[in-house]
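# Commentary on secondary and tertiary structure
Each chain, written out:
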Amino acid sequence: MIPDLTNASAETREYYALSEEIRTAAKAIAGPPRPMTHIEVLLAIGTAIANEREVAKRGGR
């Protein structure tokens, strides 16, 4: 079931745009929600920044 995405983030919209099969597989891999440690948050943000820079180098954005 897809929730109301009226006020959803771009990431949430992209996630729900994936097929149900892929969303189910992603949930199985990720496991249940859990709080992230500060270092995990920093890693996620740092990885996103690095990925965006790599895309920009290739002229993707």
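This text gives an overview of the structure that appears in the document. (Residues numbered from 1 in each chain as written. Predicted model: local features only at pLDDT ≥ 70, side-chain atom pairs only at ≥ 80, totals over all residues. Heavy atoms only, no water.)

## Side note on the overall build of the protein chain
Formally: Helix and strand definitions here come from DSSP, where helices need a minimum of 4 consecutive H or I residues and strands a minimum of 2 consecutive E residues; each element is numbered from the N-terminal end. Based on C-alpha atoms, the radius of gyration is set beside the globule rule, defined as 2.2 Å times the residue count to the power 0.38. Buried, partly exposed and exposed residues are distinguished by accessible area as a fraction of the type maximum, computed with a 1.4 Å probe on protein chains only: under 20%, between the cut-offs, and over 50%, respectively. In short, Shrake-Rupley with a 1.4 Å probe defines the accessible areas, and a residue's cover is counted only from the protein chains shown. Working convention for charge: Lys and Arg count positive, Asp and Glu count negative, and His plus the chain ends are omitted. Charge positions come from single atoms, namely NZ of Lys, CZ of Arg, CG of Asp or CD of Glu.
Tallying secondary structure elements over the protein chain gives three helices and zero strands in all. Listing the helices and strands of the protein chain from first to last along the sequence gives α-α-α. For 61 residues, the compact-globule formula gives about 10 Å, and the C-alpha radius of gyration of the protein chain, at 14 Å, lies well above that figure. A principal-axis box enclosing the C-alpha atoms of the protein chain has dimensions of 35 × 30 × 25 Å. Of all 61 residues assigned to the protein chain, the portion counted as buried reaches 3%. Of the roughly 5,500 Å² of accessible surface on the protein chain, 62% is carried by carbon and sulfur atoms. Of the charged side chains in the protein chain, 8 are positive and 8 negative; the average position of the first set lies 5 Å away from that of the second.

## Some points on the packing of aromatic side chains
Note the following rule: Ring pairs shown here join Phe, Tyr and Trp side chains whose ring centres sit within 6.5 Å, with only the six-membered ring taken for Trp; geometry is labelled stacked below 30 degrees between planes, edge-to-face above 60, and tilted in between.
Evaluated as defined, the whole model comprises one aromatic pair. Judged by centre distance (5.0 Å) and plane angle (80 degrees), the ring pair of Tyr-15 and Tyr-16 falls under edge-to-face. Given a relative accessible area of 22%, Tyr-16 falls into the partly exposed group.

## Description of the pattern of salt bridges
Test applied: We count a salt bridge whenever a side-chain nitrogen from Lys or Arg sits within 4 Å of a carboxyl oxygen from Asp or Glu.
All told, the structure shown has two salt bridges when counted by the stated rule. Arg-34 serves as the salt-bridge partner of Glu-40, at 3.0 Å between the closest nitrogen and oxygen. Of the residues examined, Arg-34 reaches a relative accessible area of 55% and is grouped as exposed. One salt bridge in this structure joins Glu-54 and Arg-58, with 3.8 Å as the shortest N-O distance. Given a relative accessible area of 37%, Glu-54 falls into the partly exposed group.

Don't take any of this as a statement about function, it's just geometry.
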